[in-house]
Amino acid sequence: MTKWAACAALAFGLVAAAGASAQPAAERYPAKPVTIVVPYPAGGSNDIFARELARRLSDDWKVPVIVDNRPGAGGSIGAAFVSRAAPDGYTLCLLSSSFTTNAAVQPNLPFDPVAGFAPVAMVARGPMLLTVANDLPVHTTLELFAMARKHPGKLNFASSGVGSTNHFATELLMDAAQIRMTHVPYKGMTPAVTDLIGGPVDVLVASAPSIYAQVKAGKVRALGVTSAKASPVVPGLKPLDEMGVPGYHFELWWGVLAPPGVPAQRVTAINAEINRAIATPELTAVFEREGAEPAPMGAAEFAATIRREIEGWKKVAKDADIRPE
């Protein structure tokens, strides 16, 4: 190689190196604050889980993770905001199982519950309890089912509203047990529990935080849990699957979703970070106080769970003639 050629090659290499160094490096995620939208008011389980998760992720990511409460329209306002957000992973949403029951009965949601989101990670799940009034002369599920079959429609069951998760869970139970009870919808869980304790309500399927304290106080009687297996959240109670309704199970869940179009690699990375966070003793303790336990799950499995639940609840809604109020 001539001296001129060698100098030219060296110059070319320096220019190429300078050009390479000028290229922007791949963006580190997250490189700026992340927002977790909670489509419900502060204080509920969605809000509690979002704030505890945000605190842990902030520590791990070294960037602020902000919780933004956007309540209204049964969660639809906040969910719609996230569905329309930029698909970069900086806007997330913490939803719960009412997302799938709402999707089954609300025909005019301002978003597509399947195509309008990229499911990221399930965070926690928890059982509901089948409870009865103390003055109802039944102490097992089989006795309850026998009474309901003998007197179709005479027993009544409460819910926190038409199309609520506990309404759906009870309709599913009645179908599995081949019984019929009369639905008494309330505006919220508190009046339903009050009437179970001392009023006209016979049966109530409710979350552990809503009813377990009353069970332990002896004010109502618990017959079993709706989860597929016994739950540490309510020790000593057996699954209904083992007590007259094989195959029946229902669990509340909480999970993180993102706008559609977030790159799969980023979804996978966020999923891994969330799964690490929910496995910590600190978050496990928070879940237990709210009647739940960690539920690590891959993003694809979570997406399949949402699709499956929506289709299943649509069938339950059709069979039970559940219509939005």
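Residues numbered from 1 in each chain as written. Predicted model: local features only at pLDDT ≥ 70, side-chain atom pairs only at ≥ 80, totals over all residues. Heavy atoms only, no water.

Draft legend 1. Here's a closer look at the pattern of salt bridges. Inspection of the entire model under this criterion finds 11 salt bridges. The shortest N-O distance in the salt bridge between Arg55 and Glu52 comes to 2.9 Å. Residue Arg55 and its partner Glu52 are located together in helix H2 (residues 45-61), separated by three residues, close to a single helical turn. Classification of Arg55 by relative accessible area gives partly exposed; the value is 47%. For Glu52, a relative accessible area of 24% corresponds to the partly exposed category. With a closest N to O distance of 3.8 Å, Lys314 and Glu311 form a salt bridge. Of the two residues, Lys314 and Glu311 both sit in helix H11 (residues 299-320), three residues apart, roughly one turn of that helix. (Salt bridge = Lys/Arg side-chain N within 4 Å of Asp/Glu carboxyl O. Helix = DSSP H or I, 4+ residues; strand = E, 2+ residues; numbered from the N terminus. Buried < 20%, exposed > 50% of the residue type's maximum accessible area, 1.4 Å probe, protein only.)

Draft legend 2. Representation of the environment of Asp319 within the structure. Here Asp319 lies in helix H11. Here Asp319 falls in the exposed class, since its relative accessible area comes to 53%. C-alpha of Asp319 to C-alpha of Glu171: the two residues are 148 residues apart in sequence and 9.2 Å apart in space. Looking at Asp319, its side chain comes within polar contact range of the side chain of Lys315, at 2.8 Å. (Polar contact = N/O pair within 3.5 Å; in protein donor to acceptor, adjacent residues only side chain to side chain.)

Draft legend 3. Looking closely at H2. The end-to-end C-alpha separation of H2 is 24 Å, in line with the 24 Å expected for 17 residues at 1.5 Å each. Count one or two residues on from H2 and you reach Lys62, which has phi positive near 65 degrees. (Expected span 1.5 Å × (residues − 1).)

Draft legend 4. Summary view of empty space enclosed by the protein. Tallied over the entire structure, the rule returns one cavity of 30 Å³ or more. Roughly 90 Å³ of volume is contained in the largest cavity. In terms of lining residues, the largest cavity is bounded by Tyr40, Gly74, Gly75, Ser76, Ala79, Leu95, Ser98, Phe99, Asn102, Ala103, Leu109 and Phe111. Secondary-structure elements contributing two or more residues to the lining of the largest cavity are helix H3 (76-83) and helix H4 (98-105). Sorting elements by how many residues they give to the lining of the largest cavity places H4 first, with four residues. (1 Å grid on protein atoms, 1.4 Å probe; cavity = no way out; pocket = protein on both sides within 12 Å on 5 of 7 lines; lining within 4 Å. Points joined across faces, edges and corners; volume = space filled by probe spheres on them.)

Draft legend 5. Fine view of the nonpolar core. The biggest cluster of nonpolar side chains holds 68 residues, and the ones touching the most others in it are Leu53, Leu144 and Ile274. If you tally residues by element for this core, the top one is strand E4 (residues 118-133), at eight residues. If we skip the residues at most four places from it in the chain, Leu53 touches Leu94, Val123, Val256, Ile274, Ala277, Ile278 and Leu283. Grouped together as the second largest cluster of nonpolar side chains are 21 residues, Tyr186, Leu196, Val225 and Val234 included. (Core = buried A, V, L, I, M, F, W, Y, C linked by side-chain atoms within 4.5 Å. Contact = heavy atoms within 4.5 Å.)

Draft legend 6. Seen up close, the layout of surface pockets. The volume enclosed by the largest pocket comes to roughly 1000 Å³. Around the largest pocket, the lining comprises 39 residues; the ones closest to its centre are Tyr40, Ser98, Ser160, Ser164 and Thr165. Looking at the lining of the largest pocket, the elements with two or more residues in it are H2, H4, helix H6 (165-177), helix H8 (208-216) and strand E9 (251-258). Considering each element in turn, the lining of the largest pocket owes the most residues, four residues, to H4. The residue makeup of the lining of the largest pocket, split by class, is 15 nonpolar, 19 polar and five charged. In this model, the second largest pocket occupies a volume close to 780 Å³. (Nonpolar A, V, L, I, M, F, W, Y, C, P; charged D, E, K, R; others polar.)

Draft legend 7. Broad picture of the pairing of strand E8 (residues 220-225). Among the six residues of E8, six are classified as buried, and the element is accordingly described as predominantly covered. In this sheet, E8 lies alongside E4 in antiparallel orientation, the contact comprising five bridges. Counterpart to Leu130 in the pairing with E8 is Gly224. (Pairing = 2+ DSSP bridges.)

Draft legend 8. How the structure looks around the packing of aromatic side chains. The final tally for this structure, using the stated rule, is 10 aromatic pairs. Ring geometry for Phe99 and Phe111: centres 6.1 Å apart, planes at 15 degrees, overall stacked. Here Phe111 lies in the loop between H4 and E4 and Phe99 lies in helix H4, a separation of 12 residues in the sequence. For Phe99, a relative accessible area of 6% gives the class buried. Where Phe99 meets Phe117, the ring centres are 5.5 Å apart and the plane angle is 90 degrees; that geometry is what we call edge-to-face. Within this pair, whereas Phe99 is found in helix H4, its partner Phe117 is found in the loop between H4 and E4, the two being separated by 18 residues in sequence. According to the relative accessible area criterion, Phe117 is buried, its value standing at 5%. A network of ring pairs unites the aromatic residues Tyr29, Trp61 and Tyr90 as a single cluster. The ring of Tyr90 is capped by Lys32, whose NZ or CZ atom sits 4.7 Å from the centre of that ring. The ring of Phe81 has Arg70 lying over it, and the distance from NZ or CZ to the ring centre is 3.7 Å. (Phe/Tyr/Trp six-rings, centres within 6.5 Å; stacked < 30°, edge-to-face > 60°. Lys NZ or Arg CZ within 6 Å of the ring centre and 35° of its normal.)

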